[in-house]
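Take a look at the letters that make up each chain.
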Amino acid sequence: MRNKLFMSIVAVEVLIFGAVFSYVTGLTSARARETALETGRARAAAAASRIATTLIGAATTVESLGSSLETCLRLGRTDRSFVPVQLLDILKANPRYYAIWAFFGPDDWDGKDARYRSDPDYAPTGAFVPWAYREVGEPMVYPGMAGEDSGYYESFYTIPVETGAGLYMEPYLEDSTEGQLLLVTYGRPVKDDAGTTRGVAGVDLRLDDLSKYLAAEEARAGSEAGTFSFLVSSDGTVLAHEKDSSLIGKKVEDYLGKEEAGLFSSAIPKEGLDYEAEDGSLVRILVPMALPGDSKPWIYCRTVPTASIYAATRKLEILLAAFFAAGIGLSMAAILMISRRLTRPLGAIGEAFAGIEGGDLTRRVHVRTRDEFGTLATEYNALSEKLGMIFGSVRRAASGIQETGQRLCDACARTNAALSGIRANIEESQTALESQSEAERRTREESRLILDDIGRLEREIAAQADSITAASAAVEEMVGSIQSVAANAEKISSEMVDLDRSTGEGKDRLAAAIEAITAVSSHSDDLEAANATIAEIS
């Protein structure tokens, strides 16, 4: 009983502790994961914000440049000499800029394009398209087309003109003396007082150092092993990658696949988006990076191993499991001690009951506690004493019952002998009755056969009577015919007598006829006698 009590309490305790542990662990795991994701989103948002700050700074420079150019147009200060110098100064002051420029449409700056066509710096169109750029790291500036009139009014010019606002355009690869460079352009329209677009001011930024910048951001954040970041433009081009620079300029669909690439869109909420990738081994955190003007946002992606997200959770789970195990162990020890204290009196009472089962009614239990066990022991002692008295009375009564039973056995033996004689007589009577019944059955069978024979004779006699009746009718008919023939014969005889008198030949013939008739008459008498005999038989 003690073991059952102990195991029952331990089982209930384990179930309660297990349920609490599961609930706390699940709640803690979910909260830890959410905290880790929030931290990841915060880090990604901070890094994206610092990158955006650089882009915003470049856009601010272009906006200031555009404003100064619009002021020059408004004031009529359209000298072509100071703008290239201003662009070169800006380029020197900002090492991250690859080029800065201000392209104006034909005659949209000073209306003197025709005058400058013959100038080598402005040939062949004379348009004012100043731009400063870096050639093998050295800043250079050109005020005009310098003999090359292509590449000045392409998408980086037409898009700001069409939108009427400043924006970052999609990144692109540019061939240079340093090889292919990944660039991004911010352009803004330059307008006059009437709101007419005269040109576009812009800056070209190199993005090849963004990967180093991402690595520096992750190092600053103290990221876990296996964590990396990459930057994707609004059209899905990889702009920077912390781990694999060979992916720069490629489409994210070629990198991650079509299904994941579909998540890199402008529909990402402002607070960010996270999802599991590569069968749950990685978690990607996407944060939209807002760009100035009408630019479409870029996507900052921070990839974190799932194991690192749950590392703190696992440590907490191990700590909680240790606390729960220690608590269960201590409670089990306490329960064991209490159960022993509670069940020891019950053990003594159980042994006493085992003695009663073996026939020992003299055993007594010595429990001196004042609780329920003491009361039970007192009740047991009283029960044992009463049982001893009852069993003594039962034994005496059993002895008398045994003597009476012996007498009953003797009477039963005599009764059985008498019953055996009666049974033999009954069996003999039954045998005689069975013989008599068999004889009666045979007599009934023979009577039935005799009755069947009588019925058959009655049917045969009835058939013979019918035949005799038919024969009698036929004989009577023949007698009538013969009597008629006899009457005719007598008549003929009388006539023949008359004829005899007339001829002797006729006499002879008449004599022969009379003999024949006589023979017929005698035959008729025989038939009448036969008919009488048949009638008697009938």
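Summary of the structure given here. (Residues numbered from 1 in each chain as written. Predicted model: local features only at pLDDT ≥ 70, side-chain atom pairs only at ≥ 80, totals over all residues. Heavy atoms only, no water.)

**Focus: the sheet that holds strand S8 (residues 228-232)**
Which entries qualify depends on this criterion: Two strands form a pair only when DSSP identifies at least two bridges running between them. Counting from the N terminus, the helices are DSSP H or I runs at least four residues long and the strands are E runs at least two residues long. Interaxial angle, 0 to 180 degrees, is taken between N-to-C directions of lines fitted to C-alpha atoms, where a helix line uses only the stretch in contact.
Here 5 strands make up an open sheet; going across it, the order is S9-S8-S12-S11-S10 and the pairing antiparallel. Each edge of the open sheet is held by one strand with a lone partner, namely strand S9 (238-241) and strand S10 (273-277). Averaged over all pairs of adjacent strands, the angle between their axes in this sheet comes to 20°, without regard to strand direction. Here S10 runs beside strand S11 (residues 282-289); their pairing, made up of 5 bridges, is antiparallel. Its bridge partner lying in S11, Asp-274 is registered against Ile-285.

**A short note on helix H2 (residues 82-93)**
Using the following cut-off: A helix is expected to span 1.5 Å multiplied by its residue count minus one. The rule is simple: take the accessible area with a 1.4 Å probe, protein chains only, and divide by the maximum for that residue type; under 20% is buried, over 50% is exposed, in between is partly exposed. The arc refers to the directions leading from the helix axis to the C-beta atoms.
For H2, spanning 12 residues, the distance from its first C-alpha to its last is 17 Å, which sits close to the expected 16 Å at 1.5 Å a residue. Taken as a whole, H2 has its buried residues at Val-83, Pro-84, Leu-87, Leu-88, Ile-90 and Leu-91. Burial along H2 is one-sided: seen end-on, the buried residues are contained in an arc of 160°. Facing away from the buried side of H2 by more than 90 degrees, the exposed set consists of Lys-92 and Ala-93.

**Observations concerning the pairing of S8**
Each regular strand displays side chains that alternate between the two surfaces of the sheet. Here S8 lies mainly inside the structure; 5 of its 5 residues are buried. Here S8 runs beside strand S12 (residues 298-305); their pairing, made up of 5 bridges, is antiparallel. Among the inter-strand pairings, Val-232 is bridged to a residue of S12, identified as Ile-299. Pairing between S8 and S9: 3 bridges, direction antiparallel. By the bridge assignment for S9, Val-232 is matched with Val-238.

**Concerning the pairing of S11**
In terms of burial, S11 is largely enclosed, as 7 of its 8 residues are buried. Here S10 hands over to S11 after 4 residues, with Glu-278 in that stretch at a positive phi of 50°. Pairing analysis gives 8 bridges linking S11 to S12, with the strands arranged antiparallel. Across the sheet, residue Ile-285 finds its bridge partner in S12, namely Arg-302.

**Things to note about the side chain of Arg-80**
Formally: Pairs of N or O atoms within 3.5 Å make up the polar contacts considered here, provided that, within protein, one atom can donate a hydrogen while the other can accept it, and that residues adjacent in sequence are counted only when both atoms are side-chain atoms.
In this fold, Arg-80 is placed in the loop between helix H1 (2-75) and H2. In this structure the side chain of Arg-80 is engaged in a polar contact, spanning 3.0 Å, whose partner is the backbone oxygen of Gly-126.

**Notes on helix H3 (residues 155-163)**
For clarity, the threshold we go by: For this analysis, residues touch if any pair of their heavy atoms sits within 4.5 Å.
Buried residues of H3: Phe-156, Tyr-157 and Pro-160, and no others. One side of H3 holds all its buried residues, which, seen down the axis, span an arc of 105°. Against the buried residues of H3 lie strand S1 (97-104), strand S4 (167-168), strand S6 (179-191) and strand S7 (197-206). Count one or two residues on from H3 and you reach Gly-164, which has phi positive near 75°.

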